[in-house]
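Tertiary structure, described
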Amino acid sequence: MNAMQSREIALGELENKTWDVVIIGGGITGAGILRESVRRGLNAVLVEQEDFSWGTSSRSTKMVHGGMRYLKQGNIGLTRESVIERENLIREIPGLVEDRTFIMPYYKGNVLQRLMLQTGLVVYNLLSGKWRKNRCSLSDMAKRAPLVKSNDLKGGFLINDAVTDDSRLVLRVLHEALKQGARAINYCKAETLLKNEHATCGVRVRDTVSGNDYNIQAKLVINATGAWADTLRQQIRKKNNKHIRPLRGSHIILSAKRLPLFDNISLMHPEDGRPVITLTWEGRILMGTTDIDHQDGLSTEASISKKEVKYLLDALNFQFPEAKITEKDVISTMAGIRPVIDTGKTDPSKESRDHVIWLEDGLLTVTGGKLTTFRVIALDTLDKAQKILGNLPDLKQMQNVFDEKVDWNTNHFRHLPDNSVKRLFGRYGNRAKELIGLSSDQNLQTIPDTETLWAEIEWAATNEMVVHLDDLMLRRTRIGLLLENGGTEYLPKIRQLCQKILGWTDQTWEEEENRYLNIWKNHYSLPN
């Protein structure tokens with residue numbers, strides 16, 4: 001059975017089962033709720049109008065961070081929560097969530113700001129339960145960050161956080177739920193809430209691949225659509241006065257040869273003092289993010305603007321003046337929409353990033369929050385859901401997200417480098433054994449200029465509900481972000497690997513290729 005056949009079976013069950021929970025939204029929040037629902041014995045299904053992680057959860061800054069910025073806002077509780085979850089994920093899924101050090105250079109002057117940051121780092125370390133060095137001398141800076149602006153440089157602060165592949169994290173959490181009997185379907189759009197005389201009792205969805213409609217009856221509908229949450233909320237009778245403020249965060253991706261970094265760099269933008277990050281990711285340099293009101297509407301895919309490109313390049317050239325980075329050095333771009341609650345603040349960056357949950361006429365909406373705390377958000381959501389579902393077990397007991405014990409002893413796979421084995425087990429869990437075992441030696445080679453194996457392309461096409469080519473290039477793998485021109489030069493080989501598996505005719509492949517290249521040009525390259 002291939003992945004598309006599995007998808008068809010899941011669609012066939014939608015109207016033939018009594019569901020406890022239907023979750024709308026296939027980002028990290030929805031995936032986390034699905035995982036925590038099924039482990040408590042709930043009959044749960046998730047539907048996503050686009051692809052899994054298509055929205056914000058594939059376009060983040062790739063950080064599983066402890067919320068250092070929230071200390072400045074006085075939100076110690078959110079910082080502590082984030083730090084604990086970060087450490088749990090580093091422990092549970094090495095190879096997917098990796099501990100990283102960020103250097104924040106500091107310069108002559110601003111003594112009070114330095115003292116505040118140093119105090120914050122002490123608190124940060126205490127909350128994580130790990131005492132780490134938090135200062136970098138001027139001589140160490142010359143070794144670890146030789147490209148940073150040296151005029152008036154006094155040293156650096158060391159901040160420990162973690163980095164992930166956000167889209168693969170969503171898929172890993174979804175797989176954990178599917179193993180226990182949950183269902184998840186991409187390209188299945190929630191159209192209309194179903195209601196009885198009392199409240200919401202389900203949702204009518206449309207499979208956008210076939211055009212078929214399905215009525216899903218459920219005890220509870222959970223709206224986990226992030227920035228799109230208000231769209232469903234408009235269909236219910238009771239409306240509170242709080243609404244989503246969509247904020248756009250955009251990034252640029254560069255070659256590590258053009259900007260070679262030994263350590264990740266955190267810096268303050270010279271224009272507005274906002275923190276921006278330059279980090280190594282998948283063999284590339286990822287730089288971001290902006291934080292502006294998204295004025296373009298939510299019906300089309302988000303894209304970086306010319307103004308945002310300039311903003312990010314200005315920060316790079318301020319911090320790394322000798323590198324002289326220009327638009328010609330940008331391999332790709334990436335823009336996502338953050339859902340935050342609109343409180344009317346003039347500065348978008350000052351809006352709270354904490355999550356909120358509303359129960360309105362039987363529709364349970366959860367939005368806001370951070371990638372790092374997806375498990376906490378899921379448990380808080382299910383706690384609220386008890387008003388409709390009744391008592392649920394172990395909501396206050398912190399359990400591992402992943403039940404399986406991963407055995408990634410690299411001695412079993414001597415033909416692959418240790419770091420590749422660890423990376424595969426982080427992304428695929430124990431399925432990595434099957435991925436490696438079924439692959440030819442040729443397909444266990446990396447795609448040039450990436451850390452991705454050819455075998456991962458074939459595996460995703462076979463096992464991971466790939467509906468469109470952009471699913472494969474931008475989310476199952478990230479090679480569309482990592483390679484020049486979206487990896488166009490490798491499409492013939494990818495076609496050779498995947499066309500038969502996906503069951504696509506020559507005409508379908510050409511249509512999918514045109515679709516992908518159009519998406520990449522309009523939303524993942526520099527703006528015209």
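Let me sum up the structure you'll find in this document.

Procedures and definitions
- Residues numbered from 1 in each chain as written.
- Predicted model: local features only at pLDDT ≥ 70, side-chain atom pairs only at ≥ 80, totals over all residues.
- Heavy atoms only, no water.
- Axes fitted to C-alpha atoms, helices over the stretch in contact; angles between N-to-C directions.
- Helix = DSSP H or I, 4+ residues; strand = E, 2+ residues; numbered from the N terminus.
- Parallel < 35°, antiparallel > 145°, perpendicular 65-115°, else oblique.
- Left-handed = near helix turned anticlockwise from the far one by under 90°.
- Contact = heavy atoms within 4.5 Å.
- Nonpolar A, V, L, I, M, F, W, Y, C, P; charged D, E, K, R; others polar.
- Phe/Tyr/Trp six-rings, centres within 6.5 Å; stacked < 30°, edge-to-face > 60°.
- Buried < 20%, exposed > 50% of the residue type's maximum accessible area, 1.4 Å probe, protein only.
- Polar contact = N/O pair within 3.5 Å; in protein donor to acceptor, adjacent residues only side chain to side chain.
- Salt bridge = Lys/Arg side-chain N within 4 Å of Asp/Glu carboxyl O.

Regarding the packing of helix α2 (residues 28-38) against helix α10 (residues 374-389)
Where α2 contacts α10, the axes come no closer than 8 Å and their chain directions differ by 60°. With respect to their mutual orientation, α2 and α10 come out oblique. Considering only the axes of α2 and α10, their crossing is right-handed. Across the interface between the two elements, I28, T29, G32, I33, E36 and S37 of α2 pack against F374, R375, I377, A378, L379, T381 and L382 of α10. In the contact of α2 with α10, the residues fall into 7 nonpolar, 4 polar and 2 charged.

Here's the deal with the packing of aromatic side chains
One pair of aromatic rings is described through two measures. These are the centre distance and the angle between the planes. Taken as a whole, this structure holds 5 aromatic pairs when the rule is applied. For the pair Y106 and F157, a centre-to-centre distance of 4.8 Å together with 35° between the ring planes defines the contact as tilted. Taken together, the residues Y106 in strand β4 (residues 97-107) and F157 in strand β6 (residues 153-164) connect sequence positions 51 residues apart. For Y106, a relative accessible area of 9% puts it in the buried group. Ring centres of W454 and Y490 lie 5.9 Å apart, and the angle between their planes is 70°; on these two criteria the pair is classed as edge-to-face.

What to know about the side chain of D263
Along the chain, the position of D263 falls in the loop between β11 (244-255) and β12 (264-268). Here the side chain of D263 touches R144 through a polar contact of 2.9 Å, side chain to side chain. Not counting residues up to four positions away in its chain, the partners in contact with D263 are T101, I103 and R144.

Things to note about the pattern of salt bridges
The tally for this structure, following the rule as stated, stands at 41 salt bridges. A salt bridge links R476 to D51; the nearest nitrogen and oxygen atoms lie 2.7 Å apart. Of this pair, R476 sits in helix α14 (residues 469-476) while D51 sits in the loop between β2 (44-47) and β3 (63-64), and the two are 425 residues apart along the sequence. The pair R476 / D51 is uniform in exposure class, with both members buried. For R478, the salt bridge identified is with D165, shortest N-O distance 2.5 Å. Here R478, found in the loop between α14 and α15 (479-482), pairs with D165, found in the loop between β6 and α7 (166-179); they are 313 residues apart in sequence, far enough to count as distant.

A look at unusual backbone geometry
For the bond running from G288 to T289, omega is 10°, close enough to zero to count as cis. By secondary structure assignment, the location of T289 is in the loop between β14 (284-288) and β15 (292-293). The phi torsion at D152 lies on the positive side, around 65°, for a residue other than glycine. Considering the arrangement of structural elements, one finds D152 in the loop between α6 (138-144) and β6. Accessibility expressed as a relative area gives 52% for D152, which makes it exposed. Its identity is not glycine, yet D361 carries a phi of approximately 55°, on the positive side. Mapped onto the elements, D361 comes out in the loop between β17 (356-360) and β18 (363-367).

Topic: the environment of D441
Position of D441 relative to the elements: it lies in the loop between α12 (431-437) and α13 (454-463). With relative accessibility at 58%, the residue D441 sits in the exposed group. With 177 residues separating them along the chain, D441 and N264 place their C-alpha atoms 33 Å apart.

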